[in-house]
Amino acid sequence: MFLWGTATAAYQIEGAAQEDDRGASIWDTFAHEPGRTRDGHTGDVACDHYHRWREDVALMSGLGVNAYRFSIAWPRVQPLGTGALNPQGLDFYDRLVDALCEQGIQPVPTLFHWDLPQPLEDRGGWLNREISEMFAEYAAIVADRLADRVPLWITLNEPFVHMAFGYAMGIHAPGQALLTGALPSAHHQLLAHGLATQALRAAGARQVAITNNCTPVWPASQEEPDLKAADAYDVLHNRLFNDPVLIGEYPDLSAYTPALDFLRDGDLQIISTPIDALGINYYNPTRITAPAAEGLPFEDAGITGHPTTAFGWPVVPDGLRELLTGLKARYATALPPIYITENGCSQHDVVTADGRIEDQARIAYLEGHIAAMRRAMAEGVDVRGYFVWSLLDNFEWAEGYHQRFGLVHVDFETQRRTPKASYAWLKEFLEAQKTDT
Ligand code: IFM
């Protein structure tokens, strides 16, 4: 069965940041530091999903999706990140999973979507190799409870973004600006993925995946310096996270680091523990040119000539086909089935006087990207599911509540949910899929 779903993440929707013995995460700390997020927004309340989850499950049921990708907040399950578990945290996800199953919606949990327990950050965060083992311990705890009802598990969400924004540039939690010094955080996340894959299997999980956000990289010209810069960017954004998982080796990282001194014997075998699927998040391609000054070996050249989202991201649906066929060409038989675990756009949504949200640009975005995914499938890429980012407008990290990605509008004053025109469009689209098959 092809999975059609929506996606969310714990810190972006749950709220209830201090309830039922949830521990603090790095995002609680970061968002409360002055100047870190736009207008000082935090996820303290977010969409209040922790209390309104029944309504949100009903929205998905009304939409007609057969899958839901959500993330589990590690600090809810283990407030200190290791050791004692918090039964109330596990109970929350247990109830959610039951409610989804009752509605015929397959739960697809992600174990880490950037909300590291703060006590683990105090021990070095992902720069500390030991966190990888703690992550596997946490994965086993969650799977012991849920694996009987959860067929597909995702270990990490977008380790590239967590490394680049969180540890290299400091624009996401934990706010470190280490530039290439951030690379160990990538390795330790990947090691955590491998160890967790093994722990999940031992605890009865049937299928395990990792979600990488990938981008087709376009050189700004066919001149040698631009080609070289584009290759360096492809290494950092895509291959650093796909190669070790799928083929058990790192790409050439010499443009970034003289030595992989974080790598130990046996690590790559663990990281390349076979997975059952690869999650891909796609938003846009990236155009790269040679750097004008010393520093990183590439520069973002920007993409013009395409519509843009409210974030200013170029809308290039065929980039999804290009990405998927490119992955197949590169990894061939090492490429497992793919799930598009996120795709969607922020728009300047307007609520009309009679309360409607006519987000036609979002409909065009989704229609175009689904068509591009289907072209890739026709070219032989094995895609098994597509998840819209996102079910609800939510806390968009450093942008706070200023970027709206939802199929459902959220009034953050009242928590009122209003399905947008894109929700009605997707509902009709999904109904048509049922009659087509
Ligand atoms: O909101 C994020 C999500 O948490 C991870 N992928 C990209 C989305 C839009 O920026």
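Relevant structure appears above.
Reading guide: rules and limits
Residues numbered from 1 in each chain as written. Predicted model: local features only at pLDDT ≥ 70, side-chain atom pairs only at ≥ 80, totals over all residues. Heavy atoms only, no water. Helix = DSSP H or I, 4+ residues; strand = E, 2+ residues; numbered from the N terminus. Rg over C-alpha atoms; globule rule 2.2 N^0.38 Å. Buried < 20%, exposed > 50% of the residue type's maximum accessible area, 1.4 Å probe, protein only. Contact = heavy atoms within 4.5 Å. Areas by Shrake-Rupley, 256 points an atom, 1.4 Å probe, with all protein chains shown as cover. Lys, Arg positive; Asp, Glu negative; His and termini not counted. Charge placed at Lys NZ, Arg CZ, Asp CG, Glu CD. Salt bridge = Lys/Arg side-chain N within 4 Å of Asp/Glu carboxyl O. Pairing = 2+ DSSP bridges.

**What to know about the overall build of the protein chain**
Argument step 1. Tallying secondary structure elements over the protein chain gives 14 helices and 13 strands in all.
Argument step 2. Its C-alpha radius of gyration of 20 Å places the protein chain within 12% of the 22 Å reference for a compact globule of 437 residues.
Argument step 3. Principal-axis analysis of the C-alpha atoms gives the protein chain an extent of 55 × 50 × 45 Å.
Argument step 4. Relative to its 437 residues, the protein chain shows a buried fraction of 60%.
Argument step 5. Of the contacts made within the protein chain by residues no fewer than 6 positions apart, 76% connect residues no fewer than 24 positions apart.
Argument step 6. For the protein chain, the exposed surface amounts to about 16400 Å²; the carbon and sulfur share of it is 51%.
Argument step 7. Once the 32 positive and 57 negative side-chain charges of the protein chain are each reduced to a mean point, those two points are 4 Å apart.

**Observations concerning the environment of Gly305**
Argument step 1. Tracing the backbone through its elements, the reader meets Gly305 in the loop between strand S9 (299-300) and helix H12 (318-331).
Argument step 2. Here Gly305 falls in the exposed class, since its relative accessible area comes to 77%.
Argument step 3. Sequence separation of Gly305 and Ser25 is 280 residues, and the distance between their C-alpha atoms is 40 Å.

**Describing the pattern of salt bridges**
Argument step 1. Applying the stated criterion across every chain, the model contains 29 salt bridges.
Argument step 2. Linking Arg356 and Glu358 is a salt bridge whose minimum nitrogen-to-oxygen distance equals 2.8 Å.
Argument step 3. Among the charged side chains, a network of salt bridges with common partners joins Asp91, Asp94, Asp98, Arg145, Asp148 and Arg149.

**Description of the pairing of strand S3 (residues 106-112)**
Argument step 1. Buried residues dominate S3, accounting for seven of its seven residues.
Argument step 2. With five bridges joining them, strand S2 (residues 67-71) and S3 adopt parallel strand pairing. The residue bridging Phe70 from the neighbouring strand is Pro109, located in S3.
Argument step 3. Where S3 and strand S4 (residues 152-157) come together, two bridges link them in parallel fashion. The partner of Phe112 across the bridge, within S4, is Leu156.

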